[in-house]
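One-letter residues, chain by chain:
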Amino acid sequence: MDLTTPALLFPAISLLLLAYTNRFLTLAQVIRQLNTSPNRGAALVQCQLPGLKRRIMLTKYMQGFGVLSFLLCALSMFALFVEAELPGKLLFGASILALTLSLILSLIEVLISTEALALVVSDLEAARETGSPR
C-alpha cells in the first residue's frame, strides 16, 4: 500500500464532515425555532422532542467518529510517508472502521429525521381532514 490509498479517502472524509456540520446547523435551527415558537407546548412539538434528543446525540457521535476517521487517515498517510507500512495499514484500517461507524450513525439519524417528518405530514393530513388550521 502506498501513500495515495489513504490520500484518496482524505477529501471524501472532509466533505462528509462538511455535510455533517450542515445537518447539525439545520438541527440546531429547528430546535431554536421550536423553543421560540408560541406552540412549543403543542402535542406535535412534544412528540418530536425525544427524536430531537436522539438526533443531537447521534450527530455528536457521527461527527466524533468522522473526525477520528480523518485523524487516523492523516496518521496513516504520515506512517506511510515515513515508510512504516504496517502501522500505516493498521491506521488506515482503523480509519475505515471509524468512517463506517460514522456512516451507520448518519443513516440512523436520517431514519429518525424521516420519522419526525412523517409525524408532521400526518398532523397536516389530520388538520386537512378536520378542516382546522394548526
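Treat the numbers as computed from the prediction; the structure is a model and nothing was measured.

Our next topic: the overall build of the chain. Broken down by element type, the chain carries three helices and zero strands. Reading the helices (α) and strands (β) of the chain from amino to carboxyl end gives α-α-α. On C-alpha atoms alone, the chain measures out to a radius of gyration of 20 Å, which is more than a quarter above the 14 Å that the 2.2 N^0.38 rule sets for 134 residues. Taking the principal axes of the C-alpha coordinates as reference, the chain spans close to 70 × 25 × 20 Å. Every one of the 134 residues in the chain was classed for burial, and the buried ones make up 28%. Here the analysis covers contacts within the chain between residues at least 6 apart in sequence; of these, 80% occur between residues at least 24 apart. Of the roughly 8,600 Å² of accessible surface on the chain, 71% is carried by carbon and sulfur atoms. Averaging the positions of the 10 positive and the 8 negative side-chain charges in the chain gives two centres separated by 13 Å.

Among the nonpolar cores identified, the biggest contains 11 residues, and these are Leu 9, Ile 13, Leu 17, Tyr 20, Leu 58, Met 62, Cys 73, Phe 92, Leu 99, Leu 105 and Ile 112. For this core, the elements supplying multiple residues, two or more each, are α1 (4-36), α2 (43-81) and α3 (85-130). Leaving out residues up to four positions away in the same chain, Leu 99 has contacts with Leu 9, Ile 13, Leu 16 and Ser 69.

This next bit is on the packing of α1 against α3. Across the interface, α1 lies against α3 with an axial gap of 12 Å and an inter-helix angle of 25°. Judged by the angle between their axes, α1 and α3 are roughly parallel. Note on packing geometry: the crossing formed by α1 with α3 is left-handed. Contact residues: α1 offers Thr 5, Pro 6, Leu 9, Ile 13, Leu 16, Tyr 20 and Arg 23, while α3 offers Phe 92, Ser 95, Ile 96, Leu 99, Ser 102, Leu 103, Ser 106, Glu 109 and Val 110. When the residues that make up the contact of α1 with α3 are grouped by side-chain class, the tally is 10 nonpolar, four polar and two charged.

What follows covers the side chain of Ser 69. Within the secondary structure layout, Ser 69 lies in helix α2. Assessed through its relative accessible area of 0%, Ser 69 is described here as buried.

Below, the discussion takes up α2. In a regular helix each residue adds 1.5 Å, so 39 residues correspond to 57 Å; α2 covers 57 Å between its end C-alpha atoms and thus fits that length. The sharpest bend along α2 measures roughly 35° and falls at Leu 49, with the proline Pro 50 sitting one to four residues further on. Positive phi shows up at Glu 83, right after α2, with a value of about 65°.

What counts and what doesn't
Residues numbered from 1 in each chain as written. Predicted model: local features only at pLDDT ≥ 70, side-chain atom pairs only at ≥ 80, totals over all residues. Heavy atoms only, no water. Helix = DSSP H or I, 4+ residues; strand = E, 2+ residues; numbered from the N terminus. Rg over C-alpha atoms; globule rule 2.2 N^0.38 Å. Buried < 20%, exposed > 50% of the residue type's maximum accessible area, 1.4 Å probe, protein only. Contact = heavy atoms within 4.5 Å. Areas by Shrake-Rupley, 256 points an atom, 1.4 Å probe, with all protein chains shown as cover. Lys, Arg positive; Asp, Glu negative; His and termini not counted. Charge placed at Lys NZ, Arg CZ, Asp CG, Glu CD. Core = buried A, V, L, I, M, F, W, Y, C linked by side-chain atoms within 4.5 Å. Axes fitted to C-alpha atoms, helices over the stretch in contact; angles between N-to-C directions. Parallel < 35°, antiparallel > 145°, perpendicular 65-115°, else oblique. Left-handed = near helix turned anticlockwise from the far one by under 90°. Nonpolar A, V, L, I, M, F, W, Y, C, P; charged D, E, K, R; others polar. Expected span 1.5 Å × (residues − 1). Bend = angle between axes of the 7 residues up to and from the residue.

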